[in-house]
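Remarks on the overall topology
Take a look at the letters that make up each chain.
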Amino acid sequence: MSAAPLLHRTPTLQQHPASGPELEAFRLRARDWLEENSPGPTPSDDLDERFRILREWQRKLYDAGWVGIGLPREWGGQGLDDRYAYVFTEELARAGRPAPIGLIGLDVVGPTLASHGTAAQRSALMPALLSGEEIWCQGFSEPDAGSDLAAISTRAVLTDGVYRVSGQKVWTSWAQYARRCALLARTGSSESRHRGLTYLIVDMDAPGVTVRPIGQMTGESEFCEVFFDDVEVPAENVIGEPGEGWAIAMDTLSHERATYAFRRRVETTAAYRSAIDILRETVSGTPGEARLAGLGRASVALAVLEAQNLATLRRLTAGSGPSPVDSVDKLVVNDCEQTVFGELHEWVGPGGVALDSKVHGLDTGTAVRGYLFSRAASIYGGTSQVQRNIVAQRGLGMGGS
Amino acid sequence: MTIGSLEELCELSAELESSAEDYLARASSDATSVRTSWAALQELGWFDLCRDEEVGGLGLPLGVLAGVLRAAGRHLVPGPVMEGTLVAPFIAARVSAESRGLVASDRLLCLVDPLATPLGSPMLQLNHDGEVTGRVGLVPHAASADVLAVVVDCPDGVGIMLVAPDAKGVRIEEREAFAGMQPTADVVLESAPGVLVPLDPGELATLRSWLRVLTAAWLTGVAEQVVTMTCDYVGTREQFGRAVGSFQAVQHMVADMAAESMTMVNLLSMTVARAAEDDAGPSESSALAVKAHAGRTCLRVCESALQMHGGVGFTTDYPLHRYYASALAFRGHYGGPDSLFLQLGQQELVAR
């Protein structure tokens, strides 16, 4: 039933998609290394410090050969495949270590350059992207183009081998630290929608680029507005061909969603495990059945996400491209994050009115921020409402409304 | 277990699952008597899949049953299917040769286990003459069983007593159920005789864990069929000049149903793969988790399906009610979601 691929049944008993002697040997090497190496705690209320720590961590991981695991060696990667990258992600989760900071580079731009970049682009950009020496941001959404990304209007006009870019991007994560921007801009007519878009590499230090951090309700400014005022971008900075921007972006989106789902499991598991470690020491007497059942629900949500990750890895290694199942994956990640951080937040309860205290040994600021960030999960990366449209229409063959 | 043989097991399991589905899709789903259905499944070899080779079975690892039970759930196969495919072979491998006939594959076996129903019944006890006394309420299939397999406390540990339903001291009181639910009965035993099969506590725990996994497999099949049924319905039913499935509100609810049923399949797969790699079977926590998730999620899927079907889904003219009833009835089997989440949470806080 190709009109309804989600109704296709998978066999019940399937092998783990990342098993075998070489993967096991790799796993044990990773486990040993991660036991010996840690970035230390990252503060939840100091973005600059958190960024600094996680960037150093990326450098450490890169120097030890744990970055770009699925990318070719000639560009600074490890020449392995998605299964190894997944195993490393699992070991990160197991050790309670965080993922590196240059994720837009690693998860989005790296794979995009690998599939669509020129040799010159790859040799110039990849090593610094992988090591975290250069941080990337992604210029996609705009104030008038969020869910409807094809409506973007940031314009790139080509004159004498140079594009002049003008417009505004929003929700650009880490732009304040970024050296480069992977920008989706309009090179076609205003009505050309997704067909008139081009994927450009923009130097964030170029004249005309202004970054304005946006205050988030969690008290930080992890994302920004980015204004482009007649910014010059050489024509060699196009990834792929002019007008191919949408197709290239969609092509890497599926892979990005997978690695995103793997990574969010790492991070959510780490937050959960560190809370459990604290609760085991501090909780005395009977905490009450509601809170205990909440931990049970959280642990099951993590198992559900892990099971979903395994199914995703199978699809990746089978070489299947973008699929409506990617949207199911996003819904599952959202549900897991919101369940886990929601349950952890319930443990601090009314104590969360002050962000600088402890309840059952748990830091209230961490719990409240974790809960609020989890509410953003169902908004970014394509809202749950958009994902459900995709699941229903492309996954189940239901007609458009 | 080497990779080679796990790979073969996966292939074999997939074949079994697919031939089970082929048979069930063709078989009549009208109120077939349990005996007729049972005979057909026996002919297919379901009850010999995991029976030891020495006693005429195929000796397959228990992991293959998950796919079979998932197919069975999709078609609401009547009778004690889990008991026949899993429990009877389990007992046959441990009972003395002269008593093996008691658990032959043509006999309907009913498992009398206080842990299966959350009524807080204590474990049944044996007296000095090896007779069993106690009461277990709401036992699935007790009224139609050829043999009762009663979980008991023994002086040296635990065991399963094989008791004939018409033996002295046995009283079976049928309870009422909706179509689609497994029929239950209260079992009251007063110094009832039987054949004792002693077990290690670990063996009993493993059996119960597998029962949780297979119940989750059944519920997964139920959810899948309910999603398929719902997609068909909303694609055909028209109102306001178009298919009701073209309205976004309907699409979103059905999308959630499909996503939820996929999570059930994936968690079942992960649990069974891990259990297949370990001679000890599924870990206790993985069995609790897969059952908790299936119990909660299957009911949610059915509730949404009813909403999507509107009035017709509420009638007995249409098949949804039987799946809904099955989801309700198996939700509490070996622990409902609340009880299992609580157990899992308690385990999390115990330092390892």
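Throughout what follows, the structure given in this document is the object of discussion. Here the residue numbering is sequential within each chain, running from 1 through the sequence in written order. Whichever chain is written first is A, and whichever ligand is written first is 1; the rest continue in order. Only residues with pLDDT of at least 70 are given local features in this predicted model, and only at 80 or more are side-chain atom pairs given and counted; all residues enter the totals for whole chains, interfaces and linings. Water and hydrogen atoms play no part in the side-chain values, which are based on all heavy atoms of the structure.

1. Some remarks on helix 10 (residues 384-395) of chain A
By the burial criterion, the buried members of helix 10 of chain A are Ser 384, Gln 387, Arg 388, Asn 389, Ile 390, Val 391, Ala 392 and Gly 395 of chain A. Whether two residues are in contact is decided by their heavy atoms: any pair within 4.5 Å suffices. Here a strand is any run of E in DSSP of at least two residues, a helix any run of H or I of at least four, and the numbering for each starts at the N terminus. Buried positions along helix 10 of chain A lie against helix 6 (245-282) and helix 8 (325-348) of chain A together with helix 6 (248-277) of chain B. Following helix 10 of chain A by one or two positions, Gly 397 of chain A adopts a phi angle in the positive range, close to 70 degrees. Between buried and exposed lies partly exposed: a residue is buried under 20% and exposed over 50% of the maximum accessible area for its type, with that area taken using a 1.4 Å probe on protein chains only.

2. Overview of unusual backbone geometry
All names here are of chain B. One non-glycine residue, Ser 191, lies in the positive phi region at around 50 degrees. Residue class for Ser 191 comes out partly exposed when judged on its relative accessible area of 25%. One non-glycine residue, Tyr 334, lies in positive phi territory at about 60 degrees. Considering the arrangement of structural elements, one finds Tyr 334 in the loop between helix 8 (320-331) and helix 9 (337-349).

3. A closer look at the pattern of salt bridges
Any Lys or Arg side-chain nitrogen found within 4 Å of a carboxyl oxygen on Asp or Glu counts as a salt bridge. Summed over the entire model, instances satisfying the criterion amount to 47 salt bridges over all chains. The salt bridge involving Asp 203 of chain A is made with Arg 179 of chain A; its shortest N-O contact spans 2.5 Å. Here the residue Asp 203 of chain A occupies a position in strand 5 (residues 197-203), and Arg 179 of chain A occupies one in the loop between strand 3 (162-173) and strand 4 (180-186), the gap between them amounting to 24 residues. Note that Asp 329 of chain A is salt-bridged to Arg 315 of chain A, the shortest N-O span being 2.9 Å. Placement of Asp 329 of chain A in helix 8 and of Arg 315 of chain A in helix 7 (residues 289-317) is noted, with a sequence separation of 14 residues between them. Counted as one network, the salt bridges with shared partners bring together Arg 9 of chain A together with Glu 17, Glu 21, Arg 70, Arg 74 and Glu 224 of chain B.

4. Thoughts on the side chain of Glu 142 of chain A
Residue and element names in this part refer to chain A. Turning to its location among the elements, Glu 142 is positioned in the loop between strand 1 (136-139) and strand 2 (155-159). Within 3.5 Å is the distance limit for a polar contact, defined as a pair of N or O atoms, with the added protein rule that one can donate a hydrogen and the other accept it, and that residues adjacent in sequence qualify only through two side-chain atoms. One polar contact links the side chain of Glu 142 to the main-chain amide nitrogen of Ser 153, over a distance of 2.8 Å. With residues near it in sequence (within four places) discarded, Glu 142 still touches Ile 152, Ser 153, Thr 154, Gln 168, Lys 169 and Val 170.

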